[in-house]
Amino acid sequence: MASEPLITASNLTKRYGPHTVVSDVSLSIDRGEIFGVVGESGSGKSTVARMILRLIEPTEGRVTFDGIDVLAASPHELRMLRRRMGIVFQDPYAALNPRMRVRDILAEPFAIHRDAARGPEIDQRLRAMLDEVGLPATALPRYPHEFSGGQRQRINIARALLLRPDFLVLDEPVSALDVSVGAQVINLLRDLQRRHGLTCLFISHSMPLVRYLCDRVAVMQRGQVVEQGDALAICDHPTQTYTQQLIAATPELPALVN
């Protein structure tokens, strides 16, 4: 793993009027690692992820991506940066336009980022990506409502990876799925991360999932990082009462295939 981090977030703060939802959060994500941000609902973890992607503008702080100041980027520079970033949202049902066929959903990134790929080449890339996430090419002409929740999340993952990003945000990608389907999706994500050398930010409320998947973790409570470091060390020997409470709330992980 390279010593130079791909992502550095410094002193991120987000306020909405008098209400502070994230306060002075700093973290760095090394190339090729899975970095976890864990906390209960409302702790600010998804807000941090969206500030890193500049989907939300921070009130204060700085974000660099591969040495580039994300918050100072021009619209053109930001478009080029976002080509290198992807996100898988929490709700596989809401994330897909029900009026669009899977082919059109997957092809959206090519149009948004003005990729030079055309016609047959696009279809070839779509079929290859579906195969990587465990779906057949026959999915392309179908609509989202024809698929299960787990299959829809695989479509979301395929869309996020089509332009081969360097950085992928996974925002509670299995919390809306049942346990067995969620375990399959987690293993798929881990395999894809290793295969492509992805750098990932994994947002979760589950300490066991973070322990299984992540290299390092930041624990958030009420908008602040209360503990940060090696995922195994923090999960096995937490120093903060809040972290201990998170572990006690989800003490076991469903069986996952290694």
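The protein chain is annotated in an unreviewed UniProt entry as ATP-binding cassette domain-containing protein of Terriglobus aquaticus. The record in UniProt for the protein chain states the following under Sequence similarities (unreviewed entry): "Belongs to the ABC transporter superfamily."

Student: What should I look at first to understand the packing of helix α3 (residues 102-112) against helix α5 (residues 149-161) in this one?
Tutor: When two helices pack together, their arrangement is given by the angle between their axes and by how far apart the axes lie. Here α3 crosses α5 at 30°, and the two axes come no closer than 7 Å. Between α3 and α5, the crossing angle belongs to the class labelled roughly parallel. For the crossing formed where α3 meets α5, the hand is right-handed. The residues of α5 that touch α3, namely those facing V102, I105, L106, E108 and P109, are I155, A158 and R159. For the contact of α3 with α5, the residue count by class is six nonpolar, no polar and two charged.

Student: When you look at helix α1 (residues 45-52) in this model, what are you seeing that I'm missing?
Tutor: Each α-helix turn comprises 3.6 residues. Residues three or four places apart therefore point the same way. With six of its eight residues buried, α1 lies for the most part within the structure. Taken residue by residue, α1 has K45, T47, V48, A49, M51 and I52 as its buried positions. Directly after α1, the chain includes R54, whose backbone phi takes a positive value near 60°.

Student: Where do I start with the sheet that holds strand β4 (residues 60-65) in this structure?
Tutor: Strand-to-strand pairing in sheets goes through backbone hydrogen bonds, with the strands running parallel or antiparallel. Taken together, the four strands give an open sheet; going across it, the order is β2-β1-β4-β5, and neighbouring strands pair in antiparallel fashion. With one partner strand each, in any of the chains shown, β2 (19-30) and β5 (68-69) form the two edges of the open sheet. Here β4 pairs with β5 via two bridges, running antiparallel. Residue pairing in the sheet places F65 in a bridge with I68 of β5.

Student: Hey, could you run me through the pattern of salt bridges in this one?
Tutor: Working definition: two side chains of opposite charge can pair if their charged atoms are close together. For the structure shown, the criterion picks out 17 salt bridges. A salt bridge links D30 to R216, with the nearest nitrogen and oxygen atoms 3.9 Å apart. Here D30 is found in strand β2, whereas its partner R216 is found in strand β9 (residues 216-221), with 186 residues between them in sequence. Notably, a salt bridge pairs D236 with R211, separated by 2.9 Å at the nearest N-O pair. One end of the pair, D236, is in helix α8 (residues 231-236); the other, R211, is in helix α7 (residues 207-213), with 25 residues separating them in the sequence. Bridged by salt links that share partners, the residues R31, D66, R84 and D166 form one connected network.

Student: Could you clarify how one ought to interpret the sheet that holds β9 in this entry?
Tutor: Across the sheet, which stays open at both edges, the six strands sit in the order β6-β7-β8-β3-β9-β10 with mixed pairing between neighbours. Every interior strand has two partners, whereas the edge strands, β6 (85-88) and β10 (224-230), have only one. With strand direction ignored, the average angle separating the axes of adjacent strands in the sheet is 15°. Relative to β9, strand β3 (residues 34-38) runs parallel, the two being bridged by four bridges. Across the sheet, G36 pairs through a bridge with V217, a residue of β9. The strands touched by α1 within the sheet are β3, β7 (167-171), β8 (199-204) and β9, with β8 carrying the most contacts at an inclination of about 155°.

Criteria and cut-off values
- Residues numbered from 1 in each chain as written.
- Predicted model: local features only at pLDDT ≥ 70, side-chain atom pairs only at ≥ 80, totals over all residues.
- Heavy atoms only, no water.
- UniProt positions renumbered as here; feature names shortened; annotations may be inferred.
- Axes fitted to C-alpha atoms, helices over the stretch in contact; angles between N-to-C directions.
- Helix = DSSP H or I, 4+ residues; strand = E, 2+ residues; numbered from the N terminus.
- Parallel < 35°, antiparallel > 145°, perpendicular 65-115°, else oblique.
- Left-handed = near helix turned anticlockwise from the far one by under 90°.
- Contact = heavy atoms within 4.5 Å.
- Nonpolar A, V, L, I, M, F, W, Y, C, P; charged D, E, K, R; others polar.
- Buried < 20%, exposed > 50% of the residue type's maximum accessible area, 1.4 Å probe, protein only.
- Pairing = 2+ DSSP bridges.
- Salt bridge = Lys/Arg side-chain N within 4 Å of Asp/Glu carboxyl O.

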